[in-house]
2 protein chains.
Amino acid sequence: MSAQIKSISFAGAGNVATHLARAFNNEGYPVTGIYSPGMASATVLASEVGAKVCTSIKELDQLADLIIISVPDHAFSEVLEALCPTQKIIIHTSGGLDLAGMREKAAKCGVIYPLQTFSKNTVVNIKEVPFCIEASDKELLEELHTLASSVSDVVLEIDSEKRRVLHLSAVFAGNFSNNMYAVAAEILKSAELSFQLLHPLILETARKATLQAPLEAQTGPARRKDHVTMEAHETMLEKSDLYRQIYELLSKSIQENYGKEDV
Amino acid sequence: MSAQIKSISFAGAGNVATHLARAFNNEGYPVTGIYSPGMASATVLASEVGAKVCTSIKELDQLADLIIISVPDHAFSEVLEALCPTQKIIIHTSGGLDLAGMREKAAKCGVIYPLQTFSKNTVVNIKEVPFCIEASDKELLEELHTLASSVSDVVLEIDSEKRRVLHLSAVFAGNFSNNMYAVAAEILKSAELSFQLLHPLILETARKATLQAPLEAQTGPARRKDHVTMEAHETMLEKSDLYRQIYELLSKSIQENYGKEDV
């Protein structure tokens, strides 16, 4: 257990806040207060973890030693302003926000960035999720290490600059690959084919990327420089400018990785 | 066991040919001959499955009841020409080639299209791979059903038009998502961060797509319409026109799916 942190409150009740609140609450760090402007999501999460629904941000300050701000980046400054000044520890969960911006407002501040895609209704094995931490001083860094280690086996000290890069890479590996699944689902729908047919391919493509470098694992017409198939596919996509553009750009991206090599 | 098919030979010794030859050979359909223009890959595969390395395509005709042509689409016609005329059953494994094109040349012909990404050195659970089959006549379709069912639990009769759509969707769900992993790996490398950090995210993103529709599973800045983060990411990518273009296009693709909804 952390020496300084006995209770946690949350500003925000979205996907990340929900998974963190569940995890910390389960590991003996009671979640005591939750505020979110929408109220509805705060009410749901508060009832799940036994916390109080707060009607103002400032209320969070009285309820816990550590306040986790987990809101979209564009809303962060406003929430931080509303909380400060405070003697409590303030944490954000964002991949993209620097610690420096917080230090001007809060004396004791830090970051806990869990590198995973979270949806409220999907159970995640949080033990395997890399928790990237950063703090305003060494003592707090140790506290956050203890806290994060209570829920995850992978806790890393990562500075703001590297965290930004990590977040950007996660957008490609997670958000964009999911968009590729969504486009595939849409294409199949047009031919009344089940998206389920792609499940083994999707799982295997992901699994392979964990066994060998993605560059080695690459297959398909662009890798083979099979221009006949690529042209046929672009013709099939002519009804959707967007999908055709994606096809062209990503085929180009793949081809650029393999030079003139023939496979 | 199939009544007509007692042995199989292969024109081609690439990723698909390799996995099919292993699987059929294991299930009691001896692979007797392998031809590939490169010779080297044919020699490797032939020695693995105990087949003869053929020095001409026509030799395949004398060695088996069924000849599987598994070559890049652009090379297919030439291989088929070299084999015909023949009394043997001719099969191709392509997502993109119509059956009609084969019927003009070969009386008994069909398709076995395994919907999966195959690399020679990666073991795949072939029982779960959807095998899409098509044939020139009903009797042969039944033979192919028996043959495909010997290695896979998921055998489907899919016509040429639907198979083309399935292949196109697989390029998005498999090849393009793998390219997203490759771009992510490249971005991490620039900051000396390990690609391993993304493994849980990649696996979870894939797993989620099999549990809920990808449209529901989508997370990230584009889904949240978090323009501050998107602009910051594009600035970070300014050294690579290609990656910046991909970022813009796929963020647009995600945003178009969610209209004016705020999440």
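Residues numbered from 1 in each chain as written. Chains lettered and ligands numbered in written order. Predicted model: local features only at pLDDT ≥ 70, side-chain atom pairs only at ≥ 80, totals over all residues.

## Describing the relation of the copies chain A and chain B
- Of the transformation superimposing chain A on chain B, the axial component is 0.0 Å and the angular component is 180°, with the fit at an RMSD of 0.0 Å. Classification of the inter-copy transformation places it as that of a two-fold axis. Relative to the rotation axis, the closest C-alpha in chain A is found at A:S177, a distance of 2.2 Å.
- A share of 100% of interface residues in chain A that are also interface residues in chain B marks the association as one of identical surfaces. (Least-squares fit on C-alpha atoms with pLDDT ≥ 70 in both. Contact = placed C-beta atoms within 7 Å.)

## Notes on the interface of chain A and chain B
- Taken together, the 80 residues of chain A in the interface contact 80 residues of chain B.
- Among the secondary structure elements, those contributing two or more residues to the side of chain A that touches chain B are α4 (73-83), α7 (160-190), α8 (199-211), α9 (214-217), α10 (221-224), α11 (227-236) and α12 (241-256) of chain A.
- Ranked by residue count, the leading element in the side of chain A that touches chain B is α7(A), at 24 residues.
- Residues that form the side of chain A that touches chain B fall into these classes: 47 nonpolar, 24 polar and 9 charged. (Helix = DSSP H or I, 4+ residues; strand = E, 2+ residues; numbered from the N terminus. Nonpolar A, V, L, I, M, F, W, Y, C, P; charged D, E, K, R; others polar.)

## Examining helix α6 (residues 138-151) of chain B
Residue and element names in this part refer to chain B.
- Helix length check: α6, at 14 residues, gives a terminal C-alpha distance of 21 Å against a target of 20 Å (1.5 Å per residue), a fit within 8%.
- Buried residues of α6: L140, E143, L144, L147, A148 and V151, and no others. One side of α6 carries all its buried residues, which in axial view fall inside an arc of 125°. Facing away from the buried side of α6, by more than 90 degrees, are the exposed residues K138 and E139.
- Among the structural elements, α1 (15-26), β5 (89-92), β6 (109-114), β7 (130-135) and β8 (154-157) are those in contact with the buried residues of α6. (Expected span 1.5 Å × (residues − 1). Buried ≥ 20, exposed ≤ 12 C-beta atoms within 10 Å, placed from the backbone. Arc of directions from axis to C-beta.)

## Notes on the sheet that holds strand β2 (residues 31-35) of chain A
All names here are of chain A.
- Pairing is mixed across the open sheet formed by 8 strands, whose spatial order is β3-β2-β1-β4-β5-β6-β7-β8. The sheet is open, and its two borders are formed by β3 (52-53) and β8 (154-157), each paired with just one other strand.
- Note that β2 and β3 share 2 bridges and pair parallel. Bridge pairing links I34 to V53 in β3.
- Helix α2 (residues 40-49) contacts β2 and β3 of the sheet and is inclined by roughly 175° relative to β2. (Pairing = 2+ DSSP bridges. Axes fitted to C-alpha atoms, helices over the stretch in contact; angles between N-to-C directions.)

## So, the pairing of strand β5 (residues 89-92) of chain A
All names here are of chain A.
- Residues I89 and I91 point to one face of β5 and I90 and H92 to the other, with burial holding for every one of them.
- Pairing analysis gives 4 bridges linking strand β4 (residues 66-69) to β5, with the strands arranged parallel. Note that in β5 the partner of I67 across the bridge is I90.
- Note that the unit made of β4, α4 and β5 has a crossover that is right-handed.
- Looking at chain direction, β5 and strand β6 (residues 109-114) are connected through 3 bridges and run parallel. (Right-handed = clockwise from strand over helix to strand, strands pointing away.)

## Some remarks on helix α11 (residues 227-236) of chain B
- Along α11(B), the residues classified as buried are B:T229, B:M230 and B:H233. When α11(B) is viewed along its axis, its buried side chains cluster within an angular range of 100° and face the same direction. Opposite the packed face of α11(B), turned more than 90 degrees from it, sit the exposed residues B:E231 and B:T235.
- Tucked into the core, α11(B) has its buried residues touching α4 and α7 of chain A together with α10 (221-224) and α12 (241-256) of chain B.

## Brief notes about the domain arrangement of chain A
Residues and elements named next belong to chain A.
- Under the domain assignment, chain A is made up of domain 1 (8-158) and domain 2 (165-256).
- Domain 1 and domain 2 are separated by 35 Å when their C-alpha centres are compared.
- Counting residues at the interface gives 6 residues for domain 1 and 4 residues for domain 2.
- Considering only residue class, the side of domain 1 that touches domain 2 consists of 3 nonpolar, 3 polar and no charged. (Domains from an automatic or database assignment.)

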